[in-house]
Amino acid sequence: MNLTTNRRELLQSATAGLALTLLRSDATAAETDGREPILRRGDRFDVGGREAQIIEDAFRLGHDYERRYGGCCQCTVAALQDALPCLKADAGLFRAASCLDGGATPTGIQNCGCFTGAGMVIGYLCGRTRDGAFFGDRQLSQELMRNIYRRFEAEYGSVLCKDVRAAATGDCTRVVGTAAKWAAEVLLEAFGDDRVPEPPANAAPATPAEIQGAGDGTPAVAT
């Protein structure tokens, strides 16, 4: 048994409990070299009617991770890794987000780490790859990221760390949960078997009913 076969079996085992099925729009697009499949325009994955639960989990996990550990970019990535059945818990992706919280600067005048973390996950799932030359559809990942941008603009008026913190009155736990929720919605709308409708651009994000503790006085970490 070769290394490629071993890796395929490990990936199949890791996702079996999630009943994940990737529905390729073009059979020739399937990966055949053992690498992680890249989601392409028109692809679908079956989540077994769990869309609402995945979105709630993304919010809850993001909120809880930020409260417990801090580091808004990493916490957004981790929440999506744990909530989305199409995203494996890649240690490299998580580690790469380590220095990107708080706008990755001491000034807060750069992009919110939650916004950046959402972009890292989107790019990881459907961005370009590199095998000598650059390969893949860069436009698709950009379209999904601009969807996230519109939601940040509608809710916070900006994607800059200092502006997001001010609009959220310093409640970064809620910002992380909301960013993870939005990213889950955008990805499910693009690739889920049962597509999730996009809310109006000026709509405030819904709060999962079971989430408690947002704005409970927990010290906020720079976002």
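Computed from a predicted structure; not experimentally measured.

## With respect to the nonpolar core
Ranked by size, the top nonpolar core spans 51 residues in total, and within it Leu80, Leu144, Ile148, Phe152 and Phe191 carry the most contacts. Elements supplying a minimum of two residues to this core: α2 (51–69), α3 (72–83), α5 (113–126), α6 (138–156) and α8 (172–191). Looking at which element gives the most residues to this core, the answer is α8, with twelve residues. Among all residues touching Phe152, those that are not within four sequence positions of it are Cys112, Cys114, Phe115, Gly157, Ser158, Val159, Val164, Ala179 and Trp182.

## Description of the side chain of Gln81
You can see Gln81 is positioned in helix α3. With a relative accessible area of 8%, Gln81 lands in the buried category. At 3.1 Å, the side chain of Gln81 forms a polar contact with the backbone oxygen of Asp90. Setting aside its immediate chain neighbours within four residues, Gln81 contacts Leu87, Lys88, Ala89, Asp90, Leu93 and Phe94.

## Side note on α5
With 14 residues, α5 should reach 20 Å at 1.5 Å per residue; the first-to-last C-alpha distance of 20 Å fits that figure. With ten of 14 residues buried, α5 is to be regarded as a mostly interior element. Of all the residues in α5, the buried ones are Gly113, Cys114, Phe115, Gly117, Ala118, Met120, Val121, Ile122, Leu125 and Cys126. Buried positions along α5 lie against α3, α4 (91–96), α6 and α8.

## Quick word on the environment of Ala91
Among the secondary structure elements, Ala91 is positioned in helix α4. Taking the C-alpha atoms as reference points, Ala91 and Ala78, separated by 13 residues in sequence, lie 9.7 Å from one another.

## Concerning the environment of Phe135
Inspection of the secondary structure assignment puts Phe135 in strand β4 (residues 133–135). Among the residues examined, Phe135 registers a relative accessible area of 52% and is labelled exposed. The residues touching Phe135, leaving out its near neighbours within four places in the chain, are Arg40, Arg128 and Thr129.

## Remarks on α2
Its 19 residues place the ends of α2 27 Å apart at the C-alpha level, agreeing with the 27 Å of an ideal helix rising 1.5 Å per residue. Residues of α2 that are buried in the fold lie against α3 and α8. In the stretch just after α2, Gly70 is the one whose phi turns positive, near 70 degrees.

## Re the packing of α5 against α6
Running from amino to carboxyl end, α5 crosses α6 at an angle of 155 degrees, the nearest separation of the two axes being 9 Å. By the criterion of interaxial angle, the relationship of α5 to α6 is roughly antiparallel. Considering only the axes of α5 and α6, their crossing is right-handed. Together, Cys114, Phe115, Ala118, Gly119, Ile122 and Cys126 of α5 and Leu140, Ser141, Leu144, Met145, Ile148, Tyr149 and Phe152 of α6 make up the contact between the two elements.

## Structural notes on unusual backbone geometry
In this structure, Ala104 is a non-glycine residue whose phi angle is positive, near 60 degrees. Note on placement: Ala104 falls in the loop between α4 and α5. Under the relative-accessibility criterion, Ala104 is labelled partly exposed at 43%. Residue Thr169 is not a glycine yet carries a positive backbone phi of 50 degrees.

Parameters and conventions
Residues numbered from 1 in each chain as written. Predicted model: local features only at pLDDT ≥ 70, side-chain atom pairs only at ≥ 80, totals over all residues. Heavy atoms only, no water. Core = buried A, V, L, I, M, F, W, Y, C linked by side-chain atoms within 4.5 Å. Buried < 20%, exposed > 50% of the residue type's maximum accessible area, 1.4 Å probe, protein only. Helix = DSSP H or I, 4+ residues; strand = E, 2+ residues; numbered from the N terminus. Contact = heavy atoms within 4.5 Å. Polar contact = N/O pair within 3.5 Å; in protein donor to acceptor, adjacent residues only side chain to side chain. Expected span 1.5 Å × (residues − 1). Axes fitted to C-alpha atoms, helices over the stretch in contact; angles between N-to-C directions. Parallel < 35°, antiparallel > 145°, perpendicular 65-115°, else oblique. Left-handed = near helix turned anticlockwise from the far one by under 90°.

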